[in-house]
Amino acid sequence: MDGIKINGERLLADLRAMRAMGAAGTGVVRPAFSEIDMTARRWLAERYTEAGLTATIDGVGNVLGKSANPGPALLIGSHSDTQPTGGWLDGALGVAYGLEVVRALAEDPATKHLAVDAVSWQDEESRFYGCLGSRSFCGGFPAEAEQGLTDKDGVALSDALAQAGLTDVPRLSSGEHDYMGFLEAHIEQGPHLETDGLRIGIVESIVGLGGMVFTFTGQQNHAGTTMMAGRKDAATALYALANAINEEFPKVAGERSVWTMGRVLLRPGAPSIVPGYAELELQYRDVDPAVLDRFEATAHDLVARINGRGGAVAEAKPSRVRIAPAHMDEGFRGHLAKAAERHAPGNWTAMPSGAFHDAGVVCAVMPCAMLFIPSIGGISHDFAEDSHVEDIILGCEVLATGAAAILTAAV
Ligand code: HGY
Ligand code: MN
Ligand code: MN
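Each chain has its residues counted from 1, following the order in which its sequence is written. Both sets of labels track the order of writing: A upward for chains, 1 upward for ligands. Since the coordinates come from a predicted model, pLDDT governs what is reported: local features require at least 70, and pairs of side-chain atoms require 80 or more to be given and counted, while whole-chain, interface and lining totals use all residues. For the side-chain quantities, the full set of heavy atoms in the structure was used; hydrogens and water were omitted.

(A) Spotlight on the domain arrangement of the protein. Where each domain begins and ends is defined by an automated method or by a domain database. Under the domain assignment used here, the protein contains domain 1 (8-207 + 325-410) and domain 2 (208-318). Computed over C-alpha atoms only, the centres of domain 1 and domain 2 are separated by 35 Å. It only takes one pair of heavy atoms within 4.5 Å for two residues to be counted as in contact. Of the residues lining the interface, 9 residues belong to domain 1; the matching set on domain 2 comes to 8 residues. Accessible area that two parts lose when put together, with a 1.4 Å probe and added across both, is what the buried area reports. Here domain 1 and domain 2 share an interface that buries about 740 Å² over both sides, 66% of which is from carbon and sulfur atoms. Of all residues in domain 1, Val207, Pro325 and Phe356 give up the largest surface area on contact with domain 2, accounting jointly for 57% of the area buried on that side. Whenever Lys or Arg places a side-chain nitrogen within 4 Å of a carboxyl oxygen from Asp or Glu, that contact is recorded as a salt bridge. There are 0 salt bridges connecting domain 1 and domain 2. Whenever a nitrogen or oxygen atom comes within 3.5 Å of another N or O atom, the pair is scored as a polar contact, on the condition that within protein one atom can donate a hydrogen and the other can accept it, and that pairs from neighbouring residues in sequence are kept only if both atoms are in side chains. The tally of links from domain 1 across to domain 2 stands at 1 residue pair in polar contact (both at pLDDT 80 or more).

(B) How the structure looks around the pairing of strand E8 (residues 200-206). A simple rule labels every residue: compare its accessible area, found with a 1.4 Å probe on the protein chains alone, to the largest value its type can have, and call it buried under 20%, exposed over 50%, or partly exposed in between. Put simply, DSSP marks the helices as runs of H or I at least four residues long and the strands as runs of E at least two long, and each gets a number from the N terminus on. Among the 7 residues that make up E8, 6 are buried, leaving the element largely enclosed by the rest of the structure. The pairing criterion is simple: DSSP has to find at least two bridges between the two strands. Bridge count between E8 and strand E16 (residues 348-353): 5 bridges; the pairing is parallel. Looking across to E16, one finds that Ile202 is bridged to Ala350. One ladder, built from 2 bridges, connects E8 with strand E17 (residues 368-373); its direction is antiparallel. Residue Gly201 lies in a different strand from E17, and its bridge partner there is Phe372.

(C) Region of interest: the coordination of the manganese ion (ligand 2). In this listing, donors mean N, O and S atoms no farther than 2.8 Å from the metal, or 3.2 Å for Na, K and Ca; water is missing from the atoms, so a site can look incomplete. For the manganese ion (ligand 2), every protein donor is listed as Asp90 (OD), Glu125 (OE), Glu125 (OE) and His381 (NE2), and the spread of their distances is 2.1 to 2.8 Å. For the manganese ion (ligand 2), all donor residues lie on one chain, and their spacing in sequence is D-x34-E-x255-H. Separating the manganese ion (ligand 2) from the manganese ion (ligand 3) is a distance of 3.4 Å, and Asp90 supplies a donor atom to each of them. Of this pair, Asp90 sits in the loop between strand E5 (73-79) and helix H3 (92-106) while Glu125 sits in the loop between strand E6 (116-121) and helix H4 (132-137), and the two are 35 residues apart along the sequence.

(D) Just the pattern of salt bridges, in detail. The final tally for this structure, using the stated rule, is 20 salt bridges. In this structure, Glu46 and Arg47 form a salt bridge, with 3.9 Å as the shortest nitrogen-oxygen distance. Classification of Glu46 by relative accessible area gives partly exposed; the value is 46%. The partner of Lys251 in a salt bridge is Glu248, with the nearest N and O atoms 2.9 Å apart. Overall, the relative accessible area of 18% leaves Glu248 in the buried class. Each member of the salt-bridge network shares a partner with another, and the members are Arg10, Asp14, Glu100, Arg103 and Glu107.

(E) The coordination of the manganese ion (ligand 3), seen in detail. Donor atoms from the polypeptide that coordinate the manganese ion (ligand 3) comprise His79 (NE2), Asp90 (OD) and His186 (NE2), at 2.1 to 2.3 Å from the metal. The motif formed by the donor residues of the manganese ion (ligand 3), counted along the single chain, is H-x10-D-x95-H. Note on Asp90: relative accessible area 5%, which makes it buried.

(F) Examining helix H1 (residues 8-20) more closely. In this model H1 runs 18 Å from its N-terminal to its C-terminal C-alpha over 13 residues, within 8% of the 18 Å that 1.5 Å per residue would give. If you check which residues of H1 are buried, you get Gly8, Arg10, Leu11, Leu12, Asp14, Leu15 and Met18. Where H1 is buried, its residues touch helix H2 (35-50), H3 and helix H12 (389-410). Between the side-chain oxygen of the N-cap and the backbone nitrogen of Glu9 there are 3.3 Å, and the N-cap of H1 in question is Asn7. Downstream of H1 by a residue or two, Gly22 has a phi angle that is positive, lying close to 105°. How far a helix is expected to stretch is found by multiplying one less than its residue total by 1.5 Å.

(G) Just H12, in detail. The terminal C-alpha atoms of H12, which comprises 22 residues, lie 32 Å apart, in line with the 32 Å expected from a rise of 1.5 Å per residue. Along H12, 16 of the 22 residues are buried, which leaves the element largely enclosed by surrounding structure.

(H) Spatial organisation of the side chain of Ser174. Mapping Ser174 onto the fold places it in the loop between helix H6 (157-163) and strand E7 (179-187). Using a relative accessible area of 15% as the deciding quantity, one classes Ser174 as buried. For Ser174, the residues in contact, after removing those within four places along its chain, are Phe137, Cys138 and Val365.

(I) Representation of the site of ligand 1 in the model. Near residues are defined by distance, with any heavy atom within 4 Å of the molecule or strand qualifying the residue. Around ligand 1, the neighbouring residues are Asp90, Glu124, Glu125, Gln189, Arg285, Ala355, Phe356 and His381. Within the side chain of Glu124, a nitrogen or oxygen atom sits 3.2 Å from a nitrogen atom of ligand 1. The contact in question runs from an oxygen atom of ligand 1 to an N or O atom on the side chain of Arg285, over 2.6 Å. Only the protein chains shown count as covering a residue, and every accessible area follows the Shrake-Rupley method with a 1.4 Å probe. Here ligand 1 has 210 Å² of accessible area as a free molecule, and 95% of this is covered by the chains. Considering only residue class, the shell around ligand 1 consists of 2 nonpolar, 2 polar and 4 charged. Each residue receives one of three labels: charged for Asp, Glu, Lys and Arg, nonpolar for Ala, Val, Leu, Ile, Met, Phe, Trp, Tyr, Cys and Pro, and polar for the others, Gly being one of them.

(J) Structural detail: the side chain of Glu184. With respect to the element layout, Glu184 can be found in strand E7. It turns out Glu184 is buried and unbridged, and the closest side chain with the opposite charge, Arg41, is 11 Å from it. There is a polar contact of 2.6 Å between the side chain of Glu184 and the side chain of Ser78. A distance of 2.9 Å separates the side chain of Glu184 from the backbone nitrogen of Ala359, its partner in a polar contact. In this tally Asp and Glu are treated as negative and Lys and Arg as positive; neither His nor the chain ends contributes.

In structure tokens, the structure reads:
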């Protein structure tokens, strides 16, 4: 397959236009279902229409651009919602690539007959529910999961849907489409490609992920008159559990396991008051579900140990839906690897993904593959997130060539 030429300036213009929607310094704040998120989704639907696709925004905010070309289509995209302190490329890169691949293949007489659909999934960043949009599309967002769902500020999903004008809008489903597979390009969000001086990563597997929230109920009291013996200090119990997790988890971890305690709540949060209530949120990831299970069992043992000491009472419950580890399609990976070798000879590698992605959900209903470009300094989920322009353009060329090869091989 000859290399597909993409229009780098057009691609960068789309990325810069998306960056401007929710811009916050060098980063982007565009939470799922926010006004600016829906503005960006309507903007994308217009670009899909201009590119000759039939654009739909569905009942959970997924934006789908359908090709008029016959035959099983290849679906290409990612998510356009961001983390609360989001980078300009997390998700947006893959969405912009999907649009550019549609255009580039349509402009090449040798590939203009190929069917490529483009998509932006909703709420991959778990404002309400991890990968909500791709799960809804793939039948993994059951009504019982949706009931009463709220974000961390207590906003109900039903209100966010109403606010976005989506309440009665039909929701798209993979069963209504004849897809041969899904390709997602993404920034690596880690240091490996840059450290190894490489420019393209072809993902072998995507980590699985679990989360727990621990509550600590003690006795609020005066910090000066309450003797240490007999205190029911919720914060002390929280610190003891957090330390124990950092001591015990390495004993049951895998080679690339990670865990993060990224949210803590202390009430009332005043220096002269013994905290009566506390919350600790833990997230853990690994490519092996057995490791995730071991983390959960260890955490429950540690909670029992904390409760055995008296003091504040600790309780544990899941903080989110578990995301299973996902393995990418061998055949698709082969085509992407060939395209990487063609555009960046010797400058690419196969690698796991330490971040989860919509492809990890969509692979339950169709073959999937992912491609990474380097993140400068390995930084992501931060306003400083960035990639080199030449890597942004190279990644899209590799994806376009790989997509054309997959489609051509299937004809
Ligand atoms: O957290 C993640 O792995 C993804 O970037 N939302
Ligand atoms: Mn992210
Ligand atoms: Mn992402």
